[in-house]
Amino acid sequence: MNALIPGLLVLASLLALAALAVARAARWRAGRAAAVDAVAGLLAMPGRYLHDVHDAVLRDPVGRAKAGDTGRAAARMHMLTAGGFIAATALILAVHLFALGGVVLAWLLLAFLALMSAGLLRLYARRKPEVSPRLSRGGFDRLPYAFTAFIVFFAIATLPAAGLIAPFSWASLGGLALLALGAWACIELYVGMGYGPLKHALNGVLHLAFHPRPARFGATTPDSALQPLPATAERLGVEQPRDFAWNRLLAFDACVQCGRCEAACPAFAAGLPLNPKKLIQDLVAASGTHGSDLGYSGSPYPQRPVGSAHGAIDKPIIGSGAMIHPDTLWACTTCRACVYECPMMIEHVDAVVDLRRFQTLELGATPNKAPAVLEELKATDTVCGRPTSARLDWAADLRLPLLAEVEHTEALLWIGEGGFDMRNQRTLRALVKLLREAGIEPAVLGAEELDCGDVARRLGDEKTFEALARRNIATLNGYAGRFARIVTADPHVLQVLGREYPALGGYYSVVHHSTLLAELIEAGRLKPAADDSGRRVTFHDPCYLGRYNGEVSAPRRVLKGIGIKVVEMNRSGMRSSCCGWGGGSTFTDVPGKRRIPDVRMDHVRETGAELVAVACPNCAVMLEGVVQPRADVADLAELLLAAVEAGK
Amino acid sequence: MGQFDKLLEPLRIKHVTIRNRIISTPHAEVYAEDGVPGDRYIRYHAEKARGGIGMTMFGGSSSVATDSPAQWWKSLDFSNDKIIVPLQKLSDAVHGHGAALMAQITHMGRRNRWDGGNWPHLVSPSGLREPVHHATAKTIELEDIQRIIKAFGQAARRAKEGGLDGIELSADHQQLIDQFWSPRTNKRTDGYGGSFDNRMRFGLEVIEEVRRCAGDDFLLCLRMCADEFHPDGIDHEEAIRIARFYTETGLIDLLSVTGSGADTHATLANCMPNMAYPPEPFLHLASGIKAEVKIPLIHAQGIRDPLQAARILDEGHVDLVGITRGHIADPHFVNKMREGRLDEIKQCVGANYCIDRQYQGLDVLCAQNAATSREAVMPHQFSKAEVKKRIVVVGGGPAGLEAARVCAERGHTVTLFEKEPEIGGQVRWAAKAPARDQIGGIVRWFGLELKRLKVDLRLNTAADAAMIRAEQPDIVIMATGGVPFIDQFPGWGAAEGLCVSTHDILSGRVEPKANVLVFDVTSLFAGATTADFIANRGALVEIVTPDLHVAEGMGGTTVPVYNKRLAEKDVICTPNTFLHEVYREGDKLIAVLENEYTGRQEERVVDQVVVENGIRPAEALYFELKAESRNHGQTDLDTLFAYQPQPEISGEGFLMYRVGDCISPRDIHGAIYDSLRLCKDF
Ligand SMILES: Cc1cc2nc3c(=O)[nH]c(=O)nc-3n(C[C@H](O)[C@H](O)[C@H](O)COP(=O)(O)O)c2cc1C
Ligand code: SF4
Ligand code: SF4
């Protein structure tokens, strides 16, 4: 009996964990049904872990606050601690419960405990003497001690089996103390996997298998299209936690509170009351019967205290006295930085949009200027409320042919909302000139072009989005065969037309102007002169071009074509930081400590750039709105046109 | 909704799309060569098109017939087919930049001079004398009427063949058509006079003939005045009736409406309201007509600012906003507006340099933009110089400001020394006079530009030779201006402190006294506006000048404004008289005046004598540095006048050039022209 005690401790802990897991699964099952291919998912899980998760962990967290807090350190720490722990568990059961393997296995167990100790040193280094602010405290702070206790206890318990000391009895004062230590460690580490910090291990595995977006794994371009509203739901969007699909509730529960999302979130950085990590934790807390954020030990939503939020699986999530304040929900720019950073593959933006859908469609609770914008969209088919026929006012002298008037065009130019804005009319004008320079005569839809629906969709107004999309699709399908591809200078149009219309029956080849311009330069159809001004130039990747569409090379190729060597910002490419426009946030206009574009302009300043090149009309407006002194802002098309004209 | 959405909305009239709502209304450019548009003319209008304007209306007061001579203001001659090919070139150039274009054609009737060209007998409905041009015309005969109607038709045909989008018929500013309209000039008793319909008949027949000859696919604009401001002329009610009469024929496509008649000096000044007027002084009249007609309406008169234009359009007063002098000042007005570079727009300040030159038959130039109408040789936009130089400019008046601006635009490192606490030079004092404050806009624009161009501006810094050398400049530009030249004639008593200068008064250095004599030698703005300044404070003022009349050098559209202001304050104007001597008697001054012709002297007992005698160049610093400059301070005139870069001069040290009044006193345009043509190639 004496020898069995350590093994029994583990067995009992594992049984307790199993019971907890069943209870936890009941929480998830309260969610809506979801079509999940469980077998395929389980088979794919190890691959997803080894590639997608590993890649994400390996990236250095944004703005890490502490030396050594790197992606590599995190990966090593996990490999050693978790790998050692799993192996040790199996060996403890073998050695201590079934008395298998004799001295050899006992020594092997000691070796794995030693391996864990190596990982443990990294865990200490991560949490001692200070902790990066994005990390949570509480139970996480106890983990190093629990692991120490675990290693010490099982090492001593294994010494007799390894033949190093004589068997001893636990029934001494020292033995009982040691036993208590071991029991605590087992509860923290095994049972804790059902409720504590380590629950990410078990839930993470399940989440990887039953992920709501299986297409994201191993994909070459991001799986970023928002999904249509489920047709049969009791409510439009999500009001209560149980309105989420069950595997979304599971997904939230996989959060390890690493805070990588928090560190990347532009809203958080600007002091808007949003922290994606807490958002996910609040959703987890709200999925129980008496949820509150009292147990949350990470950074709060800026400007808001922790501890007063309450929710339950069948209670509204959003509300000033509920789990999540509406300001938090509307502060999100849907930039996907969090999604890109999250090592647990959680889809924050889907959650945000699901919650917004209920607010907008069922409650009409879209804040600030957003309802007016939605009204304009319904009444006029444009965000600014001007007639669609005015979209081309700026181009009267360019005499752009209407698609209706031409037999076929290589490029159907989708003007977008930028056509109503003087700043972006300059970009569009440059783009038209460039296309013509390259021998492409673009055509336009004219008054037939309605808003693409991006703003409506991100504000949760799926109905208006669908109405606009269906009418645009009908128009475009009516011209089937008359245009080779759609060209747009607006990455939001690229996203919506290219990736979100297919779900509604619109399949088009849509290309962003940066991609097309890079092609034209490389094909020798545009011959820019090399920029010899020697000015420092940086490039701001639009979220909807980079993280949404995976296009980070074309803009750089265009700049290279002009002879500009980009001085990169710390946050660039897929890890670019949002300008603050997306997701309708300029209309919901939740106040922060600063404005998001001001934060982004600081990143520009760090490079010493005199000019920041952009590739999105909205980025252009946001960054130009930053007060001087600041870098100049120019769209790729404007820069390229100047270079092409200089080349003549 | 953007603030300029409406301004930038295209207007489609028949087959013509005007890309935005900002246009330039017809003005006599005084650039035509033998009655046809040549290179200079074409470039001038093409530049506005390049600058984004919706439509440029050109050829102010172009003549349809040989008895309406237009060579005085070198306008276009539409009486002959030889204009067609040059017009086609102009159309191509303007259309090529996306703008529409129309010409104004007219017969001036009695509003003309007879003593030139063919020495024609001028015609007018009733042969009455015209006060401004001093012409008495013959009473027009029916045969003349028929001939001129035909000429209008043929002129329109030529315009159409020349590729224009349309023409404007002027029935404004008292030309032949509105000489028939107005009971003030039409005393006829035949079918062309008397009743409303009879007075309208000539205009109607012209319009019908023009339509017949030009066809329907050609825009026809009628320019008219909405109130002649003469008791015996057309009032607003009558103008509305006229507007309805013609628009209801369905024959015209556009109506251009202005306020005020133009056949007296006083009313003429209203037509091109100078800086003394409030903004858009006659908009209400145009608006009154807009309410009564169904076709698009144009108005231009004192609209200078994009925000003002946007408001006028948004409020629905007009359909097209004329910014005519505004485009002489800055042909890139629309592009700058569209690109949000509002502060870069060089706004017209209403100096009326342009129109006052036109009235003397001189080519139209802008006081503050030396590139306008010199597009072939002078840039509105700059390319960067190949070699970046260090340039020091001494003096922040117009010449120095323009030099600093141009050099900075070329990419050089520019330091500007100004000894006063603010830039502007003499313009600062000019702007202190009543109703002259807007001239300060010229300096305000420079200030914004220098800031944008990051010129190192050192105020309160009187540069000396050592400071200039310390900058190690490649080029030094002397623009030190001058000081009032009141000590030229010892009798004025400057040395004894018996007289002060206009600068002393306007700058506030010397308080005006109760009874003041202003002696004005230059007869430009300084004397008269200083008199106005003093009289405005309730003083008794007499202005004495040796010239034929007070403010003789002021232009025809500005002098009426100051005549009125001086008369209102009972300022006594004494021309033909020299200030012979000033001496003190007790606490009074005695000014001895001498008639230029009779030599008779008389005395005035006054409290203060102000002498305006222009300025004396400030040359000391120039002469101090002259010897050590590589070029001995010399500007090579042959290359300068040929708009070529100054010749290379090898050697050590800097090059030095002088610009503006520190060479010899001239005007603002002279100063900036000096600087632009010199510095554009640095
Ligand atoms: C130099 C000059 C010449 C002009 N000549 C004519 C003319 O020949 N015919 C005419 O109808 N108006 C003429 N005008 C008046 C302009 O068309 C316009 O009505 C006037 O300048 C007021 O508009 P603004 O304040 O925008 O300059 C002239 C104006 C200027 C400045
Ligand atoms: S999508 Fe962007 S703004 Fe929204 S929570 Fe994630 S990181 Fe923050
Ligand atoms: S949501 Fe993802 S990135 Fe954010 S704290 Fe949780 S696990 Fe980390």
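Residues numbered from 1 in each chain as written. Chains lettered and ligands numbered in written order. Predicted model: local features only at pLDDT ≥ 70, side-chain atom pairs only at ≥ 80, totals over all residues. Heavy atoms only, no water.

Taken verbatim from the UniProt record of chain B, the Sequence similarities (unreviewed entry) comment is "In the N-terminal section; belongs to the NADH:flavin oxidoreductase/NADH oxidase family." (UniProt positions renumbered as here; feature names shortened; annotations may be inferred.)

As annotated in an unreviewed UniProt entry, chain A carries the name Fe-S oxidoreductase and comes from Plasticicumulans acidivorans.

Trainee: Tell me about the side chain of R457(A), and name the residues and values.
Mentor: Residue and element names in this part refer to chain A. Tracing the sequence through the fold places R457 in helix α17 (residues 454-458). On the basis of relative accessibility, which here comes to 2%, the residue R457 falls in the buried class. Only 2.7 Å separates the side chain of R457 from the side chain of E462, close enough to count as a polar contact. Those residues in contact with R457 that lie beyond four places of it in its chain are L226, Q227, P228, V353, R357, E462, F465 and E500. (Helix = DSSP H or I, 4+ residues; strand = E, 2+ residues; numbered from the N terminus. Buried < 20%, exposed > 50% of the residue type's maximum accessible area, 1.4 Å probe, protein only. Polar contact = N/O pair within 3.5 Å; in protein donor to acceptor, adjacent residues only side chain to side chain. Contact = heavy atoms within 4.5 Å.)

Trainee: Outline the pattern of salt bridges, supporting the account with residue identities and numerical values.
Mentor: All names here are of chain A. Following the criterion strictly, the structure yields 102 salt bridges over all chains and no others. Here D327 ties to R304 by a salt bridge, and the two come within 3.2 Å at their closest N and O atoms. Of this pair, D327 sits in helix α12 (residues 326-330) while R304 is found in the loop between β1 (291-292) and β2 (310-311), placing the two residues 23 residues apart along the sequence. Judged by relative accessible area, R304 falls into the partly exposed class, the value being 25%. In this structure, the salt-bridge partner of E638 is R426, at a minimum N-O distance of 3.7 Å. With E638 in helix α25 (residues 636-646) and R426 in helix α16 (residues 422-437), the pair connects residues that are 212 residues apart, well separated along the chain. Under the relative-accessibility criterion, R426 is labelled partly exposed at 22%. Residues participating in the shared-partner salt-bridge network are R213, R216, D223, R248, R336, E347 and D350. (Salt bridge = Lys/Arg side-chain N within 4 Å of Asp/Glu carboxyl O.)

Trainee: Any details on the UniProt feature "domain: NADH:flavin oxidoreductase/NADH oxidase N-terminal" (unreviewed entry) in chain B? Residues and values, ideally.
Mentor: Sites flagged by UniProt as "domain: NADH:flavin oxidoreductase/NADH oxidase N-terminal" (unreviewed entry) map to residues 6-343 of chain B. In the segment residues 6-343 of chain B, helix accounts for 35% and strand for 17%; the C-alpha atoms at its two ends are 20 Å apart.

Trainee: Give a description of the site of ligand 1 that names residues and reports values.
Mentor: Residues and elements named next belong to chain B. Contacts to ligand 1 come from 21 residues, most closely from T25, P26, S61, G302 and R325. In the environment of ligand 1, a nitrogen atom lies 2.9 Å from a nitrogen or oxygen atom belonging to the backbone of A28. At 2.8 Å, a side-chain N or O of Q104 approaches a nitrogen atom of ligand 1. Isolated, ligand 1 exposes 600 Å² of accessible area, and the fraction of that covered by the protein chains is 97%. Elements with a contribution of two residues or more to the shell around ligand 1: β4 (55-63), α10 (324-329) and α12 (353-358). The residue inventory of the shell around ligand 1, partitioned by class, reads nine nonpolar, 10 polar and two charged. (Near = heavy atom within 4 Å. Areas by Shrake-Rupley, 256 points an atom, 1.4 Å probe, with all protein chains shown as cover. Nonpolar A, V, L, I, M, F, W, Y, C, P; charged D, E, K, R; others polar.)

Trainee: With reference to specific residues and values, describe the domain arrangement of chain B.
Mentor: Residue and element names in this part refer to chain B. With domains assigned, chain B is organised as domain 1 (11-359), domain 2 (390-483 + 617-679) and domain 3 (486-613). Counting residues at the interface gives seven residues for domain 2 and 11 residues for domain 3. Across the interface of domain 2 and domain 3, roughly 870 Å² is buried in total on both sides, 66% from carbon and sulfur atoms. Looking only at domain 2, the three residues that lose the most surface to domain 3 are W429, P434 and R436, adding up to 63% of its buried area. In this structure, the connection of domain 2 to domain 3 is made through zero salt bridges. Looking at the side of domain 2 that touches domain 3 residue by residue, the class counts come to four nonpolar, one polar and two charged. (Domains from an automatic or database assignment. Buried area = accessible area lost by both parts, 1.4 Å probe.)

Trainee: An account of the sheet that holds strand β18 (residues 475-478) of chain B is needed here, citing residue identities and associated values.
Mentor: Residues and elements named next belong to chain B. One open sheet holds the five strands; their spatial order is β17-β16-β15-β18-β29, and the pairing between them is parallel. In the strand order of this sheet, the two ends are held by β17 (456-458) and β29 (655-658), each with one partner. Looking at each pair of strands side by side, their axes are set apart by 15° on average, direction ignored. Relative to β29, β18 is paired through four bridges, and the arrangement is parallel. When the sheet's bridge partners are listed, V476 is paired in β29 with M656. (Pairing = 2+ DSSP bridges. Axes fitted to C-alpha atoms, helices over the stretch in contact; angles between N-to-C directions.)

Trainee: Give me the lowdown on the UniProt feature "transmembrane region" (unreviewed entry) in chain A, citing residues and values where you can.
Mentor: Residue and element names in this part refer to chain A. According to UniProt, the feature "transmembrane region" (unreviewed entry) maps to residues 79-99, 105-124 and 145-165 in the numbering used here. The distance from the first to the last C-alpha atom of residues 79-99 is 27 Å, and the span holds 90% helix and 0% strand. Taken end to end, residues 145-165 is 67% helix and 0% strand, and its two terminal C-alpha atoms sit 25 Å from one another.

Trainee: Outline the domain arrangement of chain A, listing residues and values.
Mentor: Reports of interface size often rely on the accessible area that becomes lost once the parts have come together. Residue and element names in this part refer to chain A. Here chain A is described as being made up of domain 1 (2-205), domain 2 (237-362), domain 3 (373-519) and domain 4 (526-646). Put simply, the middle of domain 3 and the middle of domain 4, counted by C-alpha atoms, are 22 Å apart. When the two sides are added together, the surface that domain 3 and domain 4 hide from each other amounts to roughly 2700 Å², 69% of it contributed by carbon and sulfur. Among the residues of domain 3 in contact with domain 4, R423, L434 and H492 are the three that bury the most area, contributing 21% of the side total. Summed over the shared surface of domain 3 and domain 4, the number is three salt bridges.

Trainee: Outline the site of ligand 3, supporting the account with residue identities and numerical values.
Mentor: Around ligand 3, a shell composed of 13 residues is seen, among which C255(A), C258(A), C261(A), C342(A) and H348(A) lie nearest. Per-class residue counts for the shell around ligand 3 are nine nonpolar, three polar and one charged.

Trainee: Provide a residue-level description of empty space enclosed by the protein, including the pertinent values.
Mentor: All names here are of chain A. Applying the stated criterion to the full structure yields eight cavities of 30 Å³ or more. In this structure, the largest cavity encloses a volume near 110 Å³. C265, L274, P276, C332 and C338 are, among the 15 residues lining the largest cavity, the residues nearest its centre. For the lining of the largest cavity, the elements supplying multiple residues, two or more each, are α10 (266-269), α11 (276-286), α13 (337-341) and α14 (348-362). At three residues, the largest contribution of residues to the lining of the largest cavity is made by α14. (1 Å grid on protein atoms, 1.4 Å probe; cavity = no way out; pocket = protein on both sides within 12 Å on 5 of 7 lines; lining within 4 Å. Points joined across faces, edges and corners; volume = space filled by probe spheres on them.)

Trainee: Please give an account of the environment of G193(B) that cites residues and values.
Mentor: Residues and elements named next belong to chain B. Looking at the secondary structure, you find G193 in the loop between α4 (176-181) and α5 (196-214). Under the relative-accessibility criterion, G193 is labelled buried at 3%. Measuring from C-alpha to C-alpha, the distance between G193 and A291 comes to 28 Å, with 98 residues separating the pair along the chain. In this structure, G193 is in contact with N186, R188, N198 and R199, ignoring residues within four places of it in sequence.

Trainee: Outline the confidence of the model for chain B, supporting the account with residue identities and numerical values.
Mentor: In the predicted model, chain B carries a mean pLDDT of 96, and 100% of its residues have values of at least 70. As a predicted assembly, this complex carries a pTM of 0.84 together with an ipTM value of 0.71. (pLDDT = per-residue confidence, 0-100.)

Trainee: Please provide a residue-by-residue account of the packing of α16(A) against helix α20 (residues 513-522) of chain A, values included.
Mentor: Residue and element names in this part refer to chain A. Taken N-terminus to C-terminus, the directions of α16 and α20 make an angle of 30°; their axes are 11 Å apart at the nearest point. Classified by the angle between their axes, α16 and α20 sit roughly parallel to one another. Helix-helix and strand crossings are classified by hand; for α16 and α20 the assignment is left-handed. Touching L431, L434 and L435 of α16 are H513, L516, L517 and L520, all from α20. Looking at the contact of α16 with α20 residue by residue, the classes come out as six nonpolar, one polar and no charged. (Parallel < 35°, antiparallel > 145°, perpendicular 65-115°, else oblique. Left-handed = near helix turned anticlockwise from the far one by under 90°.)

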